[in-house]
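Next come the chains, spelled out residue by residue.
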Amino acid sequence: MHITDPEQYKEYMAKAPACVKAFGGEYLVRGGKQETLEGGWQPKRVAMLRFPSYEKAKAFYDDGPYKEVRKLREGATEYFNMVLVEGVDAPV
């Protein structure tokens, strides 16, 4: 994501965590220092979340209160890409 209006984005940042938590999710990364080690990808900001299952992550995005909360970031970012990836079956 590339945040272009930090003041507007603050409201989204204040409300999104409750939506994540409601579906059993947690933030693993939310901004912070980063460095591209290989390739040409130069993200401005990265967030990484973990959910108990692929289905819970989809439900978070499609069915829950996040549908309304994500509207708060409209116009506050130049771009906001979101990808859902199935993880490995490993101990949490």
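Bear in mind the structure is a predicted one, so any value in this text is a computation, not a measurement. (Residues numbered from 1 in each chain as written. Predicted model: local features only at pLDDT ≥ 70, side-chain atom pairs only at ≥ 80, totals over all residues. Heavy atoms only, no water.)

(A) Seen up close, the overall build of the chain. Secondary structure assignment for the chain yields 3 helices and 4 strands. Going residue by residue from the N terminus, the α and β elements of the chain occur as β-α-β-β-α-α-β. For the C-alpha atoms alone, the extent of the chain along its principal axes is close to 35 × 35 × 15 Å. Relative to its 92 residues, the chain shows a buried fraction of 23%. Intrachain contacts of the chain at a sequence separation of at least 6 include 64% that bridge at least 24 residues. Of the roughly 6,900 Å² of accessible surface on the chain, 52% is carried by carbon and sulfur atoms. (Helix = DSSP H or I, 4+ residues; strand = E, 2+ residues; numbered from the N terminus. Buried < 20%, exposed > 50% of the residue type's maximum accessible area, 1.4 Å probe, protein only. Contact = heavy atoms within 4.5 Å. Areas by Shrake-Rupley, 256 points an atom, 1.4 Å probe, with all protein chains shown as cover.)

(B) Spotlight on helix α1 (residues 6–22). Over its 17 residues, α1 extends 25 Å from the first C-alpha to the last, a length consistent with the 24 Å expected when each residue adds 1.5 Å. Of all bends in α1, the biggest is about 30°, found at Lys15, and the proline Pro17 comes one to four residues later. Within α1, burial applies to Tyr9, Tyr12, Ala16, Cys19 and Val20. (Expected span 1.5 Å × (residues − 1). Bend = angle between axes of the 7 residues up to and from the residue.)

(C) Molecular detail of the side chain of Arg45. Tracing the chain through its elements places Arg45 in the loop between β2 (26–30) and β3 (47–50). Buried charged residue Arg45 carries no salt bridge. Nearest counter-charge: Glu7, at 13 Å. Setting aside its immediate chain neighbours within four residues, Arg45 contacts Met1, Ile3, Met13, Arg30, Gly31 and Gln34. (Lys, Arg positive; Asp, Glu negative; His and termini not counted. Salt bridge = Lys/Arg side-chain N within 4 Å of Asp/Glu carboxyl O.)

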